[in-house]
Amino acid sequence: GRTGQDPTGPAAARLAAPSALPDTVYAVLARRWPRPIQLDELVEETGRSVPALLAAVTRAQVAGELTDDAEGVRLRRAPDGRA
């Protein structure tokens, strides 16, 4: 059966490339790409606790999925696979 979800949306893009990030965190980063986001803003937008978010971000950095600098964190590659 159909779920009514867009087959070309963020969830579909993630099927092609598994992520170390929770869906809510990935969605915010994908929406903001290529602009970085500060961790405190990411906490506010996702509703995740600081420890849970830091753990997810650390896993994604180790996996090479995220990059960070003084301006914040962002996906290393465009959400749709274009770099």
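Just so we're clear, the structure is a prediction, and the values are computed from it rather than from any experiment. (Residues numbered from 1 in each chain as written. Predicted model: local features only at pLDDT ≥ 70, side-chain atom pairs only at ≥ 80, totals over all residues. Heavy atoms only, no water.)

1. Some remarks on the side chain of threonine 46
Keep this limit in mind: Strands here are runs of E lasting at least two residues and helices are runs of H or I lasting at least four, both read from the DSSP assignment and numbered beginning at the N terminus. The term polar contact refers here to a pair of N or O atoms within 3.5 Å; inside protein, the definition further demands a hydrogen-donor-capable atom paired with an acceptor-capable atom, and it admits residues adjacent in sequence only when both atoms are side-chain atoms. Note on contacts: a residue pair is in contact if any heavy atoms of the two residues lie within 4.5 Å.
Structurally, the position occupied by threonine 46 is in helix α3 (residues 39-46). In terms of polar contacts, threonine 46 uses its side chain to reach the backbone carbonyl oxygen of leucine 42, at 2.7 Å. Ignoring anything within four residues of it in the chain, the contact list for threonine 46 reads Thr24, Val25 and Val28.

2. Here's the deal with the packing of α3 against helix α4 (residues 50-62)
Cut-off, in case you're wondering: Only the stretch in contact is used when a helix axis is fitted, and all axes are lines through C-alpha atoms; the angle between N-to-C directions ranges over 0 to 180 degrees. Note on terminology: angles under 35 degrees are roughly parallel, angles over 145 are roughly antiparallel, angles of 65 to 115 are roughly perpendicular, and the others are oblique. Crossing handedness is defined as follows: a turn of the near helix away from the far one that is anticlockwise and smaller than a right angle gives a left-handed crossing, while the clockwise case is right-handed. Three classes are used, and their members are as follows: Ala, Val, Leu, Ile, Met, Phe, Trp, Tyr, Cys and Pro are nonpolar, Asp, Glu, Lys and Arg are charged, and the others, Gly among them, are polar.
At a closest axis distance of 10 Å, the pairing of α3 and α4 adopts a crossing angle of 115°. Here α3 is positioned roughly perpendicular relative to α4, judged by the angle of their axes. Where α3 crosses over α4, the two elements pack in a sense that is right-handed. Across the interface between the two elements, Leu39, Leu42 and Val43 from α3 touch Val50, Leu53, Leu54 and Val57 from α4. A class-by-class count of the residues in the contact of α3 with α4 yields 7 nonpolar, no polar and no charged.

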